[in-house]
Each structure stands twice: as C-alpha cells, then as structure tokens.
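Tertiary structure, described
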Amino acid sequence: MGADNIFSGLKVVDLASFIAGPSAAVILSDFGADVIKVEPPSGDLWRTGHKIPPQPQSKDAYPFHLANRNKRSIALDLKAPSAQPVLERLVKWADVLIVNTPHPARKRLKLEYDDVAQWNPRLIYADLTGFGEKGPDADLPGFDITAYWARSGLLSMTRDAGVPPTWPVAGSGDNATAVGLYAAIVTALYRRERIGKGSYVTTSLLAEGVWSASVFIQAALCEANFFGLHDRTHPANAALNVYRASDGTWFVLIVTPDKLAAVAKAIGREDLLGDPRFSDPAKLMQNMPQLTAILDEVFGSQPMSHWYEVFNRVHVTFGAVRGPQEVIADPQLRLNDIVVPLEGAGGNLQSTVSSPIQVHDVTKVPARRAPEIGEHNEEVLRELGFDAKQIEGLRTGGAIPHVGHLEEAPTGGGR
C-alpha cells in the first residue's frame, strides 16, 4: 500500500457479514486502509453467495471477492471465552470497528460500544442495523430486500401499475448503504482529527432506503397528490417515459419543457406542437395515452443507433436499457475506472467493480482477491503480540481453529 494513499496507516476491523458492512470496509481499503476481516471458523455465509439463486451461478465466488477484496482474514469464534483477549487487542489496534451483528447477540458477545470503547477511546465504532437502533423492530434481522427495499416504500414504487412487486437485484440496497456507512465513518474520522475522540456512528438499511425514496417520502409527508404507479401506455407525462426502438431496445427518455420543440423537430413531428390535443395543458393530460401511442410509432420506426444520434444532436437526456452482459462491454466503465483488474482470484475473476468514489491525483490500491477463511491468523495474531505458545492456547481454548481444520473457502484461486 503506497504512502500516498489517503487512508494508509488506517486500521480497520471488519466484523460484519454479507454485503453492506464489508463493502464499506472495501471502500476504505481502496484508499489504502489495512482491513482485517474477522469471520467465524465456518466463514462468512456470503462466501457461498454465488450458489444461492437467484444470484447468477458460477464456480467463482464473485460476490465475496467484490465485498472483501484487499482484506486479511482471521477465523475467530467470538463465542469462545478465550476469544476475548483477541477481541480486546483487535479493538486496541483498530481505528475503525465495523459491526452488523444483531444487538441481542452483540450483548451476549460483549460487542456493544460500551463494551469495547473502554479499550480504545479513539475508536470509530460503525454500527449497521436493518431497521435502526430504536423502536419495536430494532432487533429484527434485515436484508436489503426487506429493510431497504420493502420497508422503505421503494419496492412498492419501482414497478408498473397492475403488476406485483418484483425482486430487486441482490446487494443493490446493501451497496448504497455501504456508501452511507463509509460516509459516517469518514465523518467520524474527521471529527476525531478535530477533537481527538472516537465516535459511535450508525446507519440502517431502512434509513438508507427511505433516503433513496425521499422525493416520494417527502411528498407523502406534505400530503402531496400522487399520480399512482407508472403505466407506460397511460403515463403521467409522455415526455418522461420508456419507449422501444425498432431493434427491440428499450430506452428511457426525459424531455424537459425547454427541449420539447427541438425534440419534436428532430423526430420529424413538429406538427405535435400545434396539435390541439396536446398544445393545451388541460387537454394534454387527457390525451397522454394518444401522445404515447404516436411516440411509440415514431420510435418504433428506427433502431436505437438512429435515436442515439438524434437525441445527442439535440442534447436531450436518454438512456438505453442494458442487461448485465451489455453493461460490461460499455467503454465508459473501463475508461472511468468503474471496472478495474482484479489480482489473484483465478478462474474467470479477472476484473471487478471498483467503489464509486474517485479522488483526482490519488491512485486507488490495486484490487486484490479476497482472503481464504483464516488465511492470516498467524500473521495477524503475531502482529497483535501473541507468541507461539499463546496462539496454541487460543487453539486449545477454541477461539481459533486448529491448522488444517478450517472450512474450505469457496473463493477460488490463490496468491
């Protein structure tokens, strides 16, 4: 890790599982932080995420590498009494501790903020929950699909009229939440620079979901009149709709009022501007389905490549709807370091998605494969000051697994 990285020297203990917490640690690692992932001897369950439908199936553990690259791993059974000295030294070593264990279990494991802050008053304790720390559902388990998507209202709104809620892309809410948790950590680090004290920071999947849906949630707060669910053939606004080109490509079109005349001219339908069905605002609202049908016919007459040129010529906002296999071929991804090389993972894992933050004149740490379960046990424990005899005592006491007894980690490849 180069000395010019922003977080070089920053020490992070990642006690979180699955996606949101570990992904916040990944962002820190991208800018040089030393991240130790602490897993149970059986490993983080997300190591098998590539085998759980409806995630795309692969022999490569692509989800785990995405959320855990650039880290070192130790396998530690926090339920073992002999694990407490290891936890204490990890906390004393760390600048940041990331935890998403449900609070009832956290209390039993002595992992609450008051338990660990006594060991390190400069610690940034980053707490991630499903539904927040207070209220009747504070202790409910939460995944992004339940807390971020469903509970926040997002899932009810991201669908067309007349169809049931769909199943969102796995991890989409988690990764958005990871950026929020990262922001909380960085805010606390800045505060520590100013006053010399650590902080307890927190966010939840629910809070992040409501923030993502906040335009409509704010509308509900002020009792605004909702148009109802989107109906493509009967839209609230035909200028903000989804259309299909002759080659079958769907695209999102956003024509702001100042662009209406230019777009009408560009598509060869200037007559629509003077059409009495559409020129009067009151009549326009009644005739949105008719206008949509006309635009369907126009846009269905030419392929997407034609409309790409037309819309670019008049500087109108649009976006072709792409599937994952098309997205990865987009030159914008590699030219803007959105997709970067991944070192050491093996198999088909030659590249990965970088975190969405770039700082000019700062080069991110090259992405390296995720660790095997407990791969760095000896290395980390010795750094924490445990000698060979003490390490053997930890094995005997059940805090760490015996060599050769670690679960096989399905992460593929090696250094």
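Right above here is the structure, for reference.
What this report covers is the structure whose coordinates are included nearby. (Residues numbered from 1 in each chain as written. Predicted model: local features only at pLDDT ≥ 70, side-chain atom pairs only at ≥ 80, totals over all residues. Heavy atoms only, no water.)

1. Some points on the environment of K71
As for its position among the elements, K71 is in strand β3 (residues 71-75). With a relative accessible area of 1%, K71 lands in the buried category. When the C-alpha positions of K71 and H103 are compared, they lie 25 Å apart, and in sequence the two are 32 residues distant. Separated by 2.9 Å, the side chain of K71 and the backbone oxygen of P22 make a polar contact. A polar contact of 3.1 Å, which involves the side chain of K71, links it to the side chain of N68. (Helix = DSSP H or I, 4+ residues; strand = E, 2+ residues; numbered from the N terminus. Buried < 20%, exposed > 50% of the residue type's maximum accessible area, 1.4 Å probe, protein only. Polar contact = N/O pair within 3.5 Å; in protein donor to acceptor, adjacent residues only side chain to side chain.)

2. Considering the packing of aromatic side chains
Counted by the stated rule, this structure contains 17 aromatic pairs. Ring pairs connect the aromatic residues Y243, F251, F299, W307, Y308, F311 and F318, which therefore count as one cluster. Taking NZ or CZ as reference, R89 lies 3.9 Å from the ring centre of F386, over its face. (Phe/Tyr/Trp six-rings, centres within 6.5 Å; stacked < 30°, edge-to-face > 60°. Lys NZ or Arg CZ within 6 Å of the ring centre and 35° of its normal.)

3. Considerations on the side chain of S29
Positionally, S29 belongs in helix α1 (residues 20-30). A distance of 2.7 Å separates a polar side-chain atom of S29 from the backbone oxygen of V26. In this view, S29 contacts V35, R69, N70 and V365; residues no more than four positions away in its chain are not counted. (Contact = heavy atoms within 4.5 Å.)

4. Thoughts on helix α8 (residues 172-195)
The terminal C-alpha atoms of α8, which comprises 24 residues, lie 35 Å apart, in line with the 34 Å expected from a rise of 1.5 Å per residue. Those residues of α8 that fall on the buried side of the exposure criterion are G173, D174, T177, A178, G180, L181, Y182, A184, I185, A188, L189 and R192. Buried residues in α8 make contact with α1, β4 (96-99), β5 (124-129), α6 (144-150), β6 (199-204) and α9 (205-212). (Expected span 1.5 Å × (residues − 1).)

5. Digging into the packing of α1 against α8
It is the contact of α1 with α8, at a shortest axis distance of 8 Å, that shows an interaxial angle of 55°. By the angle between their axes, α1 is oblique relative to α8. In terms of crossing hand, the pair formed by α1 and α8 is right-handed. Contacts between α1 and α8 involve A20, G21, S23, A24, I27 and L28 from the former and D174, N175, T177, A178, V179, L181, Y182 and I185 from the latter. In terms of residue class, the contact of α1 with α8 is made up of nine nonpolar, four polar and one charged. (Axes fitted to C-alpha atoms, helices over the stretch in contact; angles between N-to-C directions. Parallel < 35°, antiparallel > 145°, perpendicular 65-115°, else oblique. Left-handed = near helix turned anticlockwise from the far one by under 90°. Nonpolar A, V, L, I, M, F, W, Y, C, P; charged D, E, K, R; others polar.)

6. Points about the nonpolar core
Ranked by internal contacts, the top residues of the largest apolar core, which has 29 residues, are V13, L15, V38, L76, L90 and L97. Of all elements in the fold, only β2 (34-39), α3 (84-93), β4, α19 (377-383) and α20 (388-396) reach the threshold of two or more residues within this core. The element best represented in this core is α3, accounting for five residues. Counting 26 residues, the second-largest nonpolar core is a separate cluster that includes F7, I98, L128 and A188. (Core = buried A, V, L, I, M, F, W, Y, C linked by side-chain atoms within 4.5 Å.)

7. A short note on the pattern of salt bridges
Overall, the coordinates contain 20 salt bridges when judged by the stated rule. Note that R151 and D137 form a salt bridge whose closest N and O atoms lie 2.9 Å from each other. You can see R151 sitting in the loop between α6 and α7 (154-157) and its partner D137 sitting in the loop between β5 and α6, a full 14 residues away along the chain. We classify R151 as partly exposed; its relative accessible area is 45%. One salt bridge in this structure joins R395 and E392, with 3.3 Å as the shortest N-O distance. Of this pair, R395 and E392 both sit in helix α20, three residues apart, which is roughly one turn of that helix. Residue classification places R395 among the buried residues on the basis of a relative accessible area of 10%. Taken together, the shared-partner salt bridges connect D14, K37, D44 and K71 into one network. (Salt bridge = Lys/Arg side-chain N within 4 Å of Asp/Glu carboxyl O.)

8. A word on unusual backbone geometry
P54 follows P53 through a cis peptide bond whose omega is 10°. For P54, the location among the structural elements is in the loop between β2 and α2 (62-68). Not every positive phi belongs to a glycine, and N70 is a case in point at roughly 65°. By the secondary structure assignment, N70 is in the loop between α2 and β3. By relative accessible area, which is 3% here, N70 ends up buried. The phi dihedral of D361 falls on the positive side, at around 75°, and the residue is not glycine. Tracing the backbone shows D361 in the loop between β11 (351-353) and β12 (367-368).

9. Quick notes on the environment of K364
Mapped onto the secondary structure, K364 falls in the loop between β11 and β12. With relative accessibility at 13%, the residue K364 sits in the buried group. In the structure, K364 is positioned 335 residues away from S29 in sequence and 8.7 Å away in space, judged by C-alpha atoms. Non-local contacts of K364, meaning those with residues more than four positions away in its chain, are made with N5, D30, F31, S354, S355, I357 and Q358. One polar contact links the side chain of K364 to the main-chain carbonyl oxygen of S355, over a distance of 2.7 Å. For K364, the side chain forms a polar contact with the main-chain oxygen of I357, separated by 2.9 Å.

So yeah, pure geometry; function would need other evidence.
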